[in-house]
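Below are the chains, spelled out letter by letter.
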Amino acid sequence: MLFVLEYLPIALFFIFYLLGDIFLATGVLMLGTVLQIVALKFMREVITPRHWIILWMVLIFGSITLFLHDEWFIKIKVSVIYVAIALFLLIGLWWKKRSPLQQFLGEEINLPDFAWRRLTYAWVIFTLSLAAVNLYIAERMSLDVWVNFKVFGTLGATLIFTIFTGAYMFKHHTDRDKDSEEIE
């Protein structure tokens, strides 16, 4: 259910883009993202900083897109979100001296600190790369190409990168019980 809820706003965006236009799709994306947060609260699920970043970026850039009737703002929203996520990860790592990924996943996954740092930097590079590619496609290619990239390209790339992340975590995972026995 959470998987469906996670991708419902983007699926609705794509469907309403095909049925209508970018402006209708933008309004539906805004509504879908608000309803996603409401549903997460109703289900008593954790709403992460990523959810809040996406919500506010969708509302801000979506509103500007609709108000000015200019698709450019919804196109750059994707890049702004990826840059914001990269900054969130970097600031957490540099300021708190602990990876935000470790903060969110450290209870379930035991990795050495160096592995958390490497994963954080890898995700920073990945999100900044997606931001750059999105800007290139938004600027140089048609709206149809951009929508397909946004819906399928970024999701596909994220899925593949997540699989590699999982493999890296598996490689460096340590058993807590074993570690605590060695200390005693």
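Below or above, wherever it landed, is the structure these notes cover.

Quick look at helix α2 (residues 22–42)
The periodicity of an α-helix, 3.6 residues per turn, causes residues three or four places apart in sequence to face the same way.
Turning to step 1, where the next piece is worked out: Helix length check: α2 (21 residues) gives 30 Å between terminal C-alpha atoms against 30 Å at 1.5 Å per residue, within 8%.
Turning to step 2, where the next piece is worked out: Buried residues of α2: Ile22, Phe23, Ala25, Thr26, Val28, Leu29, Met30, Gly32, Thr33, Gln36, Ile37 and Leu40, and no others.
Turning to step 3, where the next piece is worked out: Where α2 is buried, its residues touch α1 (2–19), α3 (49–68), α4 (72–95) and α7 (143–172).
Turning to step 4, where the next piece is worked out: Within two residues after α2, Arg44 carries a phi angle of roughly 60°, on the positive side.

Topic: the side chain of Thr127
Turning to step 1, where the next piece is worked out: Position of Thr127 relative to the elements: it lies in helix α6 (residues 113–140).
Turning to step 2, where the next piece is worked out: Exposure remark for Thr127: the relative accessible area of 3% places this residue in the buried category.
Turning to step 3, where the next piece is worked out: Engagement of the side chain of Thr127 in a polar contact is seen with the backbone oxygen of Val124, the distance being 3.1 Å.

So, the layout of surface pockets
Turning to step 1, where the next piece is worked out: Space inside the largest pocket adds up to approximately 1600 Å³.
Turning to step 2, where the next piece is worked out: Looking at the lining of the largest pocket, the elements that each hand over two or more residues are α1, α2, α3, α4, α5 (100–105), α6 and α7.
Turning to step 3, where the next piece is worked out: In terms of residue count, the dominant contributor to the lining of the largest pocket is α7 (nine residues).
Turning to step 4, where the next piece is worked out: Taken together, the residues that form the lining of the largest pocket break down as 28 nonpolar, 10 polar and five charged.

Topic: the packing of aromatic side chains
Turning to step 1, where the next piece is worked out: All chains considered together, the criterion is met by five aromatic pairs.
Turning to step 2, where the next piece is worked out: On the basis of an interplanar angle of 90° and a centroid distance of 6.4 Å, the ring pair of Phe13 and Trp146 is categorised as edge-to-face. You can see Phe13 sitting in helix α1 and its partner Trp146 sitting in helix α7, a full 133 residues away along the chain.
Turning to step 3, where the next piece is worked out: Taking relative accessible area as the criterion, Trp146 reaches 0% and is therefore assigned buried.
Turning to step 4, where the next piece is worked out: An angle of 85° between the planes, with centres 4.7 Å apart, marks the rings of Trp123 and Phe161 as edge-to-face. Residue Trp123 is found in helix α6, and its partner Phe161 is found in helix α7; the two are separated by 38 residues along the sequence.
Turning to step 5, where the next piece is worked out: Taken together, Trp123, Phe126 and Phe161 form an aromatic cluster joined through their ring pairs.
Turning to step 6, where the next piece is worked out: The ring of Phe13 carries the charged tip of Lys150 above its face, separated from the ring centre by 5.3 Å.

Rules used in this analysis
- Residues numbered from 1 in each chain as written.
- Predicted model: local features only at pLDDT ≥ 70, side-chain atom pairs only at ≥ 80, totals over all residues.
- Heavy atoms only, no water.
- Helix = DSSP H or I, 4+ residues; strand = E, 2+ residues; numbered from the N terminus.
- Expected span 1.5 Å × (residues − 1).
- Buried < 20%, exposed > 50% of the residue type's maximum accessible area, 1.4 Å probe, protein only.
- Contact = heavy atoms within 4.5 Å.
- Polar contact = N/O pair within 3.5 Å; in protein donor to acceptor, adjacent residues only side chain to side chain.
- 1 Å grid on protein atoms, 1.4 Å probe; cavity = no way out; pocket = protein on both sides within 12 Å on 5 of 7 lines; lining within 4 Å.
- Points joined across faces, edges and corners; volume = space filled by probe spheres on them.
- Nonpolar A, V, L, I, M, F, W, Y, C, P; charged D, E, K, R; others polar.
- Phe/Tyr/Trp six-rings, centres within 6.5 Å; stacked < 30°, edge-to-face > 60°.
- Lys NZ or Arg CZ within 6 Å of the ring centre and 35° of its normal.

Limitation: the analysis is restricted to geometry and does not speak to function.
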